[in-house]
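# Architecture and fold: a report
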Amino acid sequence: MKDTLIKFKQHPKYSTILNWSKLISVTGGAQILLQAIGFLSGILIIRLLPVQEYALYTLANTMLGTMTVLADGGISTGVMAQGAKVWKEKDKLGMVLATGLDLRRKFAIGSLVVATPILIYLLFHNGASWFTTILIVLSLIPAFFAALSDTLLEIVPKLHQDILPLQKNQVAVGLGRLLLTTLTIFIFPWAFIAILASGIPRILGNIKLKKIAHQFADKEQKSDPVIKGEIMQMVKKILPGAIYYCVSGQITIWLISIFGKIESVAQLGALGRFAVLLSLFNVIVGTLIIPRYARLIEQKALLLKRFIQILFLLTFLMCAFTVLTYLFSDQLLWILGKNYYGLRDELVLNIAGTCVGLIAGVCFALYTSRGWVINPVFSISISVISIAAGAFLFNVGSLYGVLLFNLFLAAVQVILHGGYCLIKIINIK
């Protein structure tokens, strides 16, 4: 036994396996805790908010996601790609970060101008008063301003694989949200209070996140026009797709809020709480896999091998997650409360669509981290055709129909982004 252990430690892959085990245990352990905290906060909100208020909460959070994507427009991808080239040089990495933050602030103005009127319309359409609408819009400000910088700041420790401080900060933000939610939602069961309870801790967490990032990136650096030009080249290619994503990524909520009942909006939002658990996989991939894939040398065999390994493992995990959801669907629905009983098929469909969408997102992240960008005319044309076909094939006015529609769109995106990444790798000379 002792000899076997010695041979195992002497194996050339031993240090690699040990290193990955530590990274995954740290990242996975923190994310399990973080997702448990976030899930508990979400369940409190679902159970304590009236159905009408939870529907408005769902619409507001959906629009917050849209605003964040518009404010990014591909900037974070450009910062990752540029930062991966100079990640060992503190001054140059600081310059890349400063440039990205400067661009993000400018894009935020356009995001607010576009998204705010749409949110106001959707809130009114679903029965919100003027007073409630104003309060909900104002309550989104802390979370939106935090989102302008946190995703960019996180790139720095991710490139250096300094994961532990990053995870501690995320857990602290999650605990802050749970504490604020618990202290307020019992007394004030309103959508805007729940949104504020989520946004304020993110602002405080960003203060700590800046300190973490500035250990590796010089905070005194200013925006650089050359780096700005490089990032903007990528933004110009990604922005049309990002705008489309704002529509397609949230289209299920938008369609059900316009053509369906307000109860269906609340049901779709409640079912989405379980899909949030999948972000554990997304964060692990985004923290450990994507930055390492971005740093790989431009070698066809190596990139192809890693791409297949990532895709195979992720597909296996997503299938297992969907099967487990089916087996324990009744127990999961009990957690949501009496307002959401009887949605077993809808729950499984929602999880399946989210799993397939996650695989598509990882394929997209893999090739954009290498600085590869699909022609937006091609990708958007394929996506628009799939939306039109899906809207014709499925009843988007019902919860079940809109979830089938979502699964169909996600499958098309896997073929599109997975196929493009594969072609780019194969074409490497």
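Okay, so let's go over this structure. Since the model is a prediction, treat every value here as computed from it, not as a measurement. (Residues numbered from 1 in each chain as written. Predicted model: local features only at pLDDT ≥ 70, side-chain atom pairs only at ≥ 80, totals over all residues. Heavy atoms only, no water.)

## A word on the overall build of the protein chain
What counts here: Secondary structure elements are taken from DSSP: a helix is a run of H or I of four residues or more, a strand is a run of E of two residues or more, and numbering for both begins at the N terminus. In this setup the radius of gyration rests on C-alpha atoms only. A globule is expected at 2.2 Å times the number of residues raised to 0.38. Per-residue accessibility, obtained with a 1.4 Å probe over protein chains only, is compared with the maximum for each type, and a residue is labelled buried under 20%, exposed over 50%, and partly exposed between these values. To be clear on the numbers: accessible area is Shrake-Rupley with a 1.4 Å probe, and residue cover counts the displayed protein chains and nothing else.
Within the protein chain, the secondary structure is distributed over 18 helices and zero strands. By the compact-globule yardstick of 22 Å for 429 residues, the protein chain fits well, its C-alpha radius of gyration being 22 Å. Taking the principal axes of its C-alpha atoms as reference, the protein chain extends roughly 60 × 55 × 45 Å. Burial status across the protein chain gives 51% buried among its 429 residues. Taken as a whole, the protein chain presents about 20100 Å² of accessible surface, with 69% of it coming from carbon and sulfur.

## Observations concerning the side chain of D224
Condition: Note on charges: Lys and Arg go in the positive column, Asp and Glu in the negative column, and His and the chain ends are not counted at all. Here, a salt bridge means any Lys or Arg side-chain nitrogen found within 4 Å of an Asp or Glu carboxyl oxygen. N or O atoms within 3.5 Å of each other form a polar contact, as long as, within protein, one can give a hydrogen and the other can take it, and as long as residues adjacent in sequence are counted only when both atoms are side-chain atoms. Residues count as neighbours in contact if any of their non-hydrogen atoms are within 4.5 Å of one another.
Looking at the element boundaries, D224 is found in the loop between α9 (191-213) and α10 (225-248). Here D224 sits buried without a salt bridge, and the closest side chain of opposite charge, K92, lies 10 Å off (N-O distance). One polar contact links the side chain of D224 to the main-chain amide nitrogen of V226, over a distance of 3.0 Å. When sequence neighbours within four positions are dropped, the list of residues in contact with D224 reads M95 and T99.

## Re the layout of surface pockets
Over the atoms, a rolled probe matching the size of one water molecule traces out where space is still vacant. This is how the line gets drawn: Only protein atoms enter the 1 Å grid used here, on which a cavity is any set of points holding a 1.4 Å probe that cannot leave and a pocket is any open set flanked by protein within 12 Å on both sides along at least five of seven lines; residues with an atom within 4 Å of a point are listed as lining. Grid points are joined across faces, edges and corners, and a volume is the space filled by probe spheres set on the points.
There is about 340 Å³ of room inside the second largest pocket. Residue lining of the second largest pocket: 19 residues in total, with L101, R105, S149, L153 and K210 positioned closest to the centre. The set of elements that each furnish at least two residues to the lining of the second largest pocket consists of α5 (90-125), α7 (141-159) and α9. Examining the composition of the lining of the second largest pocket, we find that six residues originate from one element, α5, more than from any other.

## Comments concerning helix α12 (residues 262-275)
Worth spelling out the cut-off: Here the expected length of a helix is defined as 1.5 Å per residue gap, with one fewer gap than residues.
Spanning 14 residues, α12 covers 20 Å between terminal C-alpha atoms, matching the ideal 20 Å at 1.5 Å per step. Burial runs high along α12: 12 of the 14 residues are buried. Of the residues making up α12, those classed as buried are I262, S264, V265, A266, Q267, L268, G269, A270, L271, R273, F274 and A275.

## Brief notes about the side chain of R104
Tracing the backbone through its elements, the reader meets R104 in helix α5. Relative accessible area serves as the criterion here: at 1%, R104 is assigned to the buried category. Filtering out sequence-adjacent residues up to four positions away, R104 remains in contact with A71, D72, I75, S76, A147, L148, S149, T151 and L152.

## A closer look at empty space enclosed by the protein
This structure, assessed with the given rule, holds two cavities of 30 Å³ or more. Approximately 30 Å³ is the volume found for the second largest cavity. The wall of the second largest cavity is formed by V79, G83, L93, V96, L97, L152, I155, V156 and L159. With four residues, α7 is the largest single contributor of residues to the lining of the second largest cavity.

## Examining a nonpolar patch on the surface
In plain terms, the rule: The patch calculation keeps residues exceeding 30% relative accessible area without a salt bridge and links them within 9 Å when they carry like charges or within 5 Å when they are nonpolar (Val, Leu, Ile, Met, Phe, Trp, Tyr).
A cluster of nonpolar side chains, contributed by F124, W130, I134, L138, I141, F145, I200, I203, L204 and I207, occupies part of the molecular surface with about 950 Å² of accessible area. Broken down by secondary-structure element, the contributors of at least two residues to the nonpolar patch are α6 (130-139), α7 and α9. Secondary-structure assignment places I141 in helix α7.

## Observations regarding the environment of A270
Summarising the element assignment, A270 is placed in helix α12. A270 gets classed as buried once you look at its relative accessible area, which sits at 0%. Sequence separation between A270 and L347 is 77 residues; the distance between their C-alpha atoms is 9.6 Å. The contact partners of A270, leaving out residues within four places of it in the chain, are I46, Y54, L336 and Y340.

## Quick look at the packing of aromatic side chains
Put simply, the rule reads: The pairing test for Phe, Tyr and Trp rings, Trp by its six-membered ring, is centres within 6.5 Å, and the orientation test on the planes gives stacked under 30 degrees, edge-to-face over 60, and tilted for anything in between. Ring-over charges, as used throughout, are those where CZ of Arg or NZ of Lys falls within 6 Å of the ring centre and within 35 degrees of the ring normal.
Scanning the model with the defined rule gives eight aromatic pairs in all. Where W190 meets F192, the ring centres are 6.0 Å apart and the plane angle is 10°; that geometry is what we call stacked. Classification of W190 as partly exposed rests on a relative accessible area of 39%. Here the aromatic rings of F394 and F408 are separated by 6.0 Å at their centres, their planes lie at 55°, and the arrangement is tilted. Taken together, the positions of F394 in the loop between α17 (376-393) and α18 (399-426) and F408 in helix α18 put the pair 14 residues apart, joining distant regions of the chain. Directly above the ring of W334 sits R47, whose terminal nitrogen or CZ lies 5.8 Å from the centroid. Against the face of Y326 rests R344, its NZ or CZ located 5.1 Å from the ring centre.

## So, the pattern of salt bridges
Side-chain pairs of opposite charge can arise whenever the charged atoms involved come near each other. Within the structure shown, the criterion is met by six salt bridges. For the salt bridge of D72 with R104, the shortest nitrogen-to-oxygen distance reads 2.5 Å. Residue D72 is found in helix α3 (residues 51-72), and its partner R104 is found in helix α5; the two are separated by 32 residues along the sequence. Pair check on accessibility: D72 and R104 agree, each one buried. Linking D150 and R202 is a salt bridge whose minimum nitrogen-to-oxygen distance equals 2.7 Å. Highlighted residues: D150 in helix α7 and R202 in helix α9, separated in sequence by 52 residues. Residue classification places R202 among the partly exposed positions, given a relative accessible area of 24%.

## Quick word on the packing of α3 against α7
What counts, and what does not: In this analysis an axis means a line fitted to C-alpha atoms, helices contributing only their contacting stretch, and an angle means the value between N-to-C directions, from 0 to 180 degrees. Crossings are classed by handedness, with left-handed meaning an anticlockwise turn of the near helix from the far one by less than a right angle and right-handed meaning a clockwise turn.
For the pair α3 and α7, the least separation of the axes is 10 Å and the interaxial angle reads 30°. For the pair α3 and α7, the crossing hand works out as right-handed. Side by side, α3 and α7 meet where L64, M67, T68 and A71 of the first sit next to A143, F144, A147 and L148 of the second.

## Focus: the environment of N406
Of note, N406 is situated in helix α18. C-alpha of N406 to C-alpha of N350: the two residues are 56 residues apart in sequence and 8.1 Å apart in space. Sequence-distant contacts of N406, that is, excluding residues within four places in its chain, are made with T252 and G353.

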